[in-house]
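Here's the letter readout for the chains.
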Amino acid sequence: MPKKGKKMYPKLAFFLSILSFHILTASASDPDPVQDFCIPNTELGSIRTSRFNLETCKNPEEVSPEEFIFSGIKSPGNFSNTGLSAISVNPAVFPGLNTLGMSFVRADLKVGGINAPHFHPRATEIAYVVQGKVYSGFVDSTNKVFAKIIEQGEVMVFPRGLVHFQMNVGKSSATIFGSFNSQNPGTHRIPNVIFGSGINDELLQKAFGLTLEQILVLRRKIIFP
């Protein structure tokens, strides 16, 4: 047992938080599995229904340990013009996650970089700061902001469907590991949804008090950064 007053190791705190998150969200929106696991059998393909692609599972005798291991988040991916690199990990790239009701993401932020306001319609997210100092928060349905600077070893939860955001306020790069209680959480980025989806320009002018020229400038920045 650790001595009284000593801090819990960051890695141990992280794994305990992830474990608690998935225990508390056992009734996630994804269908409950009917077997231990289901590694998709790519040779047989999938069956399309109105809501899901039903994957045909491999025979468990043919499944190897490597199919439950993913090595694609050892280093950051490509950075966007907002200073964000995000590597999403779901069953499409990591078959071992299939039917388990979860997915995750590695996010890296350059100094001053942001993860623009966005939300996940099908999942709650828990974000663990691996390194750095991040201004992190969300907005609830009464328009109240819950935001704070969180640092290495700290965790923040973003309730399902609520807009949330992150910004690196430290003096070095930041790395965040996010976990979702859905294998397909979905992502709607607010700037892209508003100015990059094709919503009528007149409606946007009236909603935001912008001129058509200002809307076109914003649209160009978002679609062609």
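Residues numbered from 1 in each chain as written. Predicted model: local features only at pLDDT ≥ 70, side-chain atom pairs only at ≥ 80, totals over all residues. Heavy atoms only, no water.

Caption draft 1: Inspection of the confidence of the model for the protein at higher detail. For the protein, mean pLDDT is 87; residues scoring 70 or higher make up 81% of the total. Taken as a whole, residues 23-28 scores under 50 in pLDDT and shows 3 contacts with residues more than four places along the chain or in a different chain. (pLDDT = per-residue confidence, 0-100. Contact = heavy atoms within 4.5 Å.)

Caption draft 2: Broad picture of a nonpolar patch on the surface. A cluster of nonpolar side chains, contributed by Ile114, Tyr135, Val145, Ile149, Met167 and Val169, occupies part of the molecular surface with about 430 Å² of accessible area. By the element assignment, Val145 lies in strand 8 (residues 145-151). Val145 gets classed as partly exposed once you look at its relative accessible area, which sits at 47%. (Patch = residues over 30% accessible without salt bridge, like charges linked within 9 Å, V, L, I, M, F, W, Y side chains within 5 Å. Areas by Shrake-Rupley, 256 points an atom, 1.4 Å probe, with all protein chains shown as cover. Salt bridge = Lys/Arg side-chain N within 4 Å of Asp/Glu carboxyl O. Helix = DSSP H or I, 4+ residues; strand = E, 2+ residues; numbered from the N terminus. Buried < 20%, exposed > 50% of the residue type's maximum accessible area, 1.4 Å probe, protein only.)

Caption draft 3: Looking closely at the state of the cysteines. Evaluation of the coordinates by the stated rule reveals 1 disulfide. Linked covalently through their sulfurs, Cys38 and Cys57 form a disulfide whose S-S length is 2.0 Å. Between Cys38 and Cys57, the S-S torsion sits near -100°, and that sign places the bridge as left-handed. Here Cys38, found in the loop between helix 1 (10-24) and strand 1 (46-48), pairs with Cys57, found in the loop between strand 2 (53-55) and strand 3 (84-89); they are 19 residues apart in sequence, far enough to count as distant. (Disulfide = S-S within 2.5 Å.)

Caption draft 4: Local environment of the UniProt feature "binding site: oxalate" (unreviewed entry) in the protein. Within this structure's numbering, the places UniProt gives as "binding site: oxalate" (unreviewed entry) are Asn115, His120 and Glu125. Examined against the element boundaries, Asn115 turns out to sit in strand 5 (residues 114-119). With residues up to four places along the chain from it excluded, the contact list for Asn115 reads Leu84, Leu109, Phe165, Gln166 and Arg189. Tracing the backbone shows His120 in the loop between strand 5 and strand 6 (125-131). The class of His120 is buried, set by a relative accessible area of 4%. With residues near it in sequence (within four places) discarded, His120 still touches Glu125, Arg160, Gly161, His164, Phe180, Pro185, Gly186 and Thr187. (UniProt positions renumbered as here; feature names shortened; annotations may be inferred.)

Caption draft 5: Examining the pattern of salt bridges more closely. One pass over the structure, following the stated rule, counts 4 salt bridges. The closest approach of N and O atoms between Lys58 and Glu67, which form a salt bridge, is 2.6 Å. We classify Lys58 as partly exposed; its relative accessible area is 26%. You can call Glu67 buried: its relative accessible area is 18%. Note that Lys206 and Glu202 form a salt bridge whose closest N and O atoms lie 3.1 Å from each other. Remark: Glu202 and Lys206 occur in helix 3 (residues 201-208); sequence separation between them is 4 residues, near one turn of the helix. With a relative accessible area of 66%, Lys206 lands in the exposed category.

Caption draft 6: Fine view of the side chain of His164. Position of His164 relative to the elements: it lies in strand 10 (residues 163-168). On the accessibility criterion, His164 (2% relative accessible area) is buried. Sequence-distant contacts of His164, that is, excluding residues within four places in its chain, are made with Ala116, Pro117, His118, Phe119, His120, Glu125, Gly137, Phe138 and Phe158.

Caption draft 7: Representation of the sheet that holds strand 9 (residues 155-158) in the model. Taken in spatial order, the 5 strands line up as 3-4-11-6-9 in an open sheet, and their pairing is antiparallel. Unpaired on one side and paired on the other, strand 3 and strand 9 mark the two borders of the sheet. Across the sheet, the mean angle separating the axes of adjacent strands is 20° when strand polarity is ignored. The pairing of strand 6 with strand 11 (residues 174-180) spans 6 bridges and is classified as antiparallel. Residue pairing across strands places Ala127 opposite Gly178, the latter belonging to strand 11. (Pairing = 2+ DSSP bridges. Axes fitted to C-alpha atoms, helices over the stretch in contact; angles between N-to-C directions.)

Caption draft 8: Local environment of the pairing of strand 11. Counting buried positions along strand 11 gives 7 out of 7 residues, so the element sits mostly inside the fold. The two faces of strand 11 match: Ala174, Ile176, Gly178 and Phe180 on one face and Thr175, Phe177 and Ser179 on the other face are all buried. The pairing of strand 4 (residues 103-109) with strand 11 spans 7 bridges and is classified as antiparallel. Bridge pairing in strand 11 links Leu109 to Ala174.

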